[in-house]
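Structural overview
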Amino acid sequence: MSSVLRLVSFAAAVVAVVTLSPVASAISPEAGYVQLQLAKLLFTDGRYLEAFTAFEQVKGHDEPRIKREALTGAVKTALRLGDFSHAYADGQLLARSSPKNAESLANYADALWAVGLFEDSERKFLEALAIGRDNGRALHGSARSLAARNKLNEALSTAQAALNQDPRDAEF
């Protein structure tokens, strides 16, 4: 009798988790885009915890573009919050889901840098620049790597190129 009650309570818990989980439930592409816009606005406003939650809710979406943008936002937000291990995990998902996207690789490289994998980070920044040589984030990361190697003149010109590509990015 007690095993039946345990089974019923376990089944009820599973049903509750599945029905209440935003990742497990199907979100329409329109709702996904709205959630992304909300997350981006929160990020821009400096409300990183709320932005992170909003990105997390849509990063499991089936639509590739929504997934890529949500993972990108999740990585950037986790880095701003100092949650480097989460940024690294999401960065790996991002790089696997869009390996030929320069922005995705540059964000993954930022996450690698944050967890101390500097040489791997440099390789990913170079890979991102090979795909999109004018990618501001990849240029910025490459400049950071050059500065760490005491190649200051190259670092300065690369950092200036990054700033020219995306003058509104506060990190550059």
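Residues numbered from 1 in each chain as written. Predicted model: local features only at pLDDT ≥ 70, side-chain atom pairs only at ≥ 80, totals over all residues. Heavy atoms only, no water.

1. Thoughts on the overall build of the protein
Counted only if it meets this: Here a helix means four or more residues in a row that DSSP labels H or I, a strand means two or more in a row labelled E, and each is numbered from the N terminus. Working definition: with a 1.4 Å probe on protein chains only, accessible area under 20% of the residue-type maximum means buried, over 50% means exposed, and in between means partly exposed. For every accessible area listed, the method is Shrake-Rupley and the probe measures 1.4 Å; residues are considered covered only by the protein chains on display.
The helix and strand tally for the protein stands at 9 helices and 0 strands. In sequence order, the secondary structure elements of the protein are arranged as α-α-α-α-α-α-α-α-α. Residues classed as buried in the protein amount to 37% of the 172 residues present. When the accessible surface of the protein is split by element, carbon and sulfur atoms take 58% of a total near 10000 Å².

2. Observations regarding the environment of aspartate 83
With respect to the secondary-structure elements, aspartate 83 resides in the loop between helix 4 (64–81) and helix 5 (84–97). Look at aspartate 83 and you get partly exposed, because its relative accessible area is 30%. When the C-alpha atoms of aspartate 83 and valine 115 are compared, they prove to be 9.7 Å apart, with 32 residues separating the residues in sequence.

3. Examining the pattern of salt bridges
Where charged atoms from two side chains of opposite charge come close, those side chains can pair. How we decide: Every case where a carboxyl oxygen of Asp or Glu lies within 4 Å of a side-chain nitrogen of Lys or Arg is listed as a salt bridge.
Within the structure shown, the criterion is met by 13 salt bridges. When the shortest N-O distance is used, the salt bridge between arginine 47 and glutamate 50 registers 2.7 Å. Overlapping salt bridges, with partners in common, bring together Lys76, Glu103, Asp110, Arg137 and Arg144 in one network.

4. Brief notes about helix 3 (residues 48–58)
Note the threshold: The contact criterion used is simple: two residues touch if any of their non-hydrogen atoms lie within 4.5 Å.
Of the residues making up helix 3, those classed as buried are Ala51, Phe52, Ala54, Phe55, Glu56 and Val58. Turning to helix 3, the residues buried within the fold contact helix 2 (29–44), helix 4 and helix 5.

5. What about the layout of surface pockets?
For clarity, the cut-off: Residues are said to line a cavity or pocket when one of their atoms sits within 4 Å of a point; the points come from a 1 Å grid over protein atoms alone, cavities being sets where a 1.4 Å probe fits but cannot get out and pockets being open sets with protein on both sides within 12 Å along at least five of seven lines. Grid points are joined across faces, edges and corners, and a volume is the space filled by probe spheres set on the points.
By volume, the largest pocket is sized at about 600 Å³. Residue lining of the largest pocket: 19 residues in total, with Phe43, Lys76, Arg137, Asp166 and Asp169 positioned closest to the centre. Of all the secondary structure elements, the ones that give two or more residues to the lining of the largest pocket are helix 2, helix 4 and helix 8 (136–148). Element by element, the count of residues in the lining of the largest pocket is highest for helix 4, at 6 residues.

6. Structural notes on the confidence of the model for the protein
Worth spelling out the cut-off: By definition, pLDDT measures how confident the predictor is in each residue, and it falls between 0 and 100.
Chain-level statistics for the protein give a pLDDT mean of 86 and a share of 84% at 70 or above. Across residues 1–25 the pLDDT falls below 50, and counting only partners more than four positions away or on other chains, this stretch makes 5 contacts in the model.

7. Focus on a nonpolar patch on the surface
The condition is simple: Each patch is built from residues that are more than 30% exposed by relative accessible area and take part in no salt bridge. Like charges join if they lie within 9 Å; nonpolar side chains (Val, Leu, Ile, Met, Phe, Trp, Tyr) join within 5 Å.
A cluster of nonpolar side chains, Phe84, Val115 and Leu117, forms an exposed patch at the surface whose accessible area comes to about 220 Å². As for its position among the elements, valine 115 is in the loop between helix 6 (102–114) and helix 7 (118–131). The exposure class assigned to valine 115 is partly exposed, which follows from its relative accessible area of 35%.

8. Digging into the nonpolar core
Filter applied, for reference: Residues grouped as a nonpolar core are buried Ala, Val, Leu, Ile, Met, Phe, Trp, Tyr and Cys residues, joined through side-chain atoms within 4.5 Å.
By size, the foremost hydrophobic cluster in this structure holds 13 residues, and its most contacted members are Ala128 and Ala138. Going through the elements one at a time, helix 6, helix 7 and helix 8 are the ones with two or more residues in this core. With 6 residues, helix 6 is the largest single contributor of residues to this core. Judged by nonpolar contacts, the second largest core, of 11 residues, contains Ala39, Phe43, Val58 and Ala70.

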